[in-house]
Amino acid sequence: MRRALLAITGLAAGTTALVVLKGAPGVGSSAQDVPAALAPVAPGGSAAPEPPSPTGSAPAGVTPSPRTSAKPTPKPSAERSAASRGGTRTRTGTAPRTTTSAPKVTTRTVTGPSVSYEYGSLQVRITLSGSRIVDATGVGLPLGGQSGQRSDDVQARYSGTSGEVVARQSANLSTVSGATYTSTAYQQALQAALDKA
C-alpha cells in the first residue's frame, strides 16, 4: 500500500515537472529531455517510475522518444502559396455582376405661352433632349415690312440648332441691334417655355 502511494506521488510529481517544462516559453528540446539522474525521487529514496508513453509503456532501460504533437501541420493552400510567391488570387463562386444600361434620353418639344410686345405677340418653341436644348424657334413673329425684317434678324440670331439659344442653353441672350423690342419679347417667351419644360 505504501509503495502504491509513493508510486502515485512520484507519478504526479513527474507529470507536473513535464507539464511545467513543456509549457515554459523559451525552453528548448534539451530541457525537455530530463536525464534519469535528475528524475524525481519518491520519498524513501527510490526513483519514481517514468510515466507511460502515449502508445503504451516503454521497455525497461529504453529512453522513450520525444513526444510529437497530436495536431497535424496545416498544408498551405493553393491560394496562400500563390499569394506568398507574388501571384494573384482568384475568387471562385462570386455572384454574377449586374449591368445597368444608361437611361434612354427622351426628346420632347415645349411651346411656351404667348408674350405680347409692341409689334404683336410671339411664342418660342424649344426641343429638348433630356434637359439640353437642341433646337429653338420663334412662333407668331410678324411677317413683312420693317417689323418682319427685325423678326428675321432675331430669328436668324437666336433660333435653329446652331443658334444662340442652343449655344447658351438659357434665356440670357445678347440683344439684336435694331430689334430691341423683338429681342426682349423673344427672351421673355423663351424663359416662359423653359419654365414650362
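For the structure itself, consult the block above.
Residues numbered from 1 in each chain as written. Predicted model: local features only at pLDDT ≥ 70, side-chain atom pairs only at ≥ 80, totals over all residues. Heavy atoms only, no water.

*Asks:* What is the right way to read unusual backbone geometry from this model?
*Replies:* A positive phi angle, near 60 degrees, is found at Gln169, a position not held by glycine. Its location among the elements puts Gln169 in the loop between α5 (164–168) and α6 (180–196). What makes Gln169 partly exposed here is its relative accessible area of 26%. (Helix = DSSP H or I, 4+ residues; strand = E, 2+ residues; numbered from the N terminus. Buried < 20%, exposed > 50% of the residue type's maximum accessible area, 1.4 Å probe, protein only.)

*Asks:* I'm lost on the nonpolar core in this one. Help?
*Replies:* A general feature of soluble globular proteins is that nonpolar side chains tend to end up buried together. Membership of the largest hydrophobic core comes to 23 residues, with the highest contact counts inside it found for Leu122, Val124, Ile126, Tyr158, Val165, Tyr186 and Leu190. Sorting the residues of this core by element identifies β2 (115–117), β3 (120–129), β4 (132–139), α4 (145–158), α5 and α6 as the ones contributing at least two each. At five residues, the largest contribution of residues to this core is made by α6. Not counting chain neighbours up to four residues away, the residues in contact with Leu190 comprise Val124, Ile126, Val165, Ser170, Ala171 and Leu173. (Core = buried A, V, L, I, M, F, W, Y, C linked by side-chain atoms within 4.5 Å. Contact = heavy atoms within 4.5 Å.)

*Asks:* Would you take a moment to explain the environment of Thr182 for this structure?
*Replies:* Examined against the element boundaries, Thr182 turns out to sit in helix α6. Measuring from C-alpha to C-alpha, the distance between Thr182 and Tyr119 comes to 7.8 Å, with 63 residues separating the pair along the chain. Ignoring any residue separated from it by four or fewer positions in sequence, one finds Thr182 in contact with Tyr117, Tyr119, Leu122, Leu141, Arg150, Ser151 and Val154.

*Asks:* Can you walk me through α6 in this structure?
*Replies:* The periodicity of an α-helix, 3.6 residues per turn, causes residues three or four places apart in sequence to face the same way. With 17 residues, α6 should cover 24 Å at 1.5 Å per step; its first-to-last C-alpha distance of 24 Å lies within 8% of that length. For α6, the full list of buried residues reads Thr182, Ser183, Ala185, Tyr186, Gln187, Ala189, Leu190, Ala192 and Ala193. As for α6, its buried residues are in contact with β1 (107–111), β2, β3, β4, α4 and α5. (Expected span 1.5 Å × (residues − 1).)

*Asks:* How should I be thinking about α4 in this particular structure?
*Replies:* Given a rise of 1.5 Å per residue, 14 residues ought to cover 20 Å, and the 20 Å separating the end C-alpha atoms of α4 matches this to within 8%. Close packing links the buried residues of α4 with β2, α5 and α6. Two residues or fewer past α4, Gly160 is found with a positive phi of approximately 95 degrees.

*Asks:* Is there a simple way to explain the packing of α4 against α6 in this structure?
*Replies:* Packed helix pairs are specified by the crossing angle of their axes together with the interaxial distance, meaning the distance between the axes. Relative to each other, α4 and α6 sit at 45 degrees, their axes nearing to 9 Å. Judged by the angle between their axes, α4 and α6 are oblique. Crossing geometry of α4 relative to α6 is assigned as right-handed. Residues Arg150, Ser151, Val154, Gln155 and Tyr158 of α4 touch α6, and the partners they reach there are Thr182, Ser183, Tyr186 and Gln187. Its residues assigned to classes, the contact of α4 with α6 shows three nonpolar, five polar and one charged. (Axes fitted to C-alpha atoms, helices over the stretch in contact; angles between N-to-C directions. Parallel < 35°, antiparallel > 145°, perpendicular 65-115°, else oblique. Left-handed = near helix turned anticlockwise from the far one by under 90°. Nonpolar A, V, L, I, M, F, W, Y, C, P; charged D, E, K, R; others polar.)

By themselves these figures say nothing about function.
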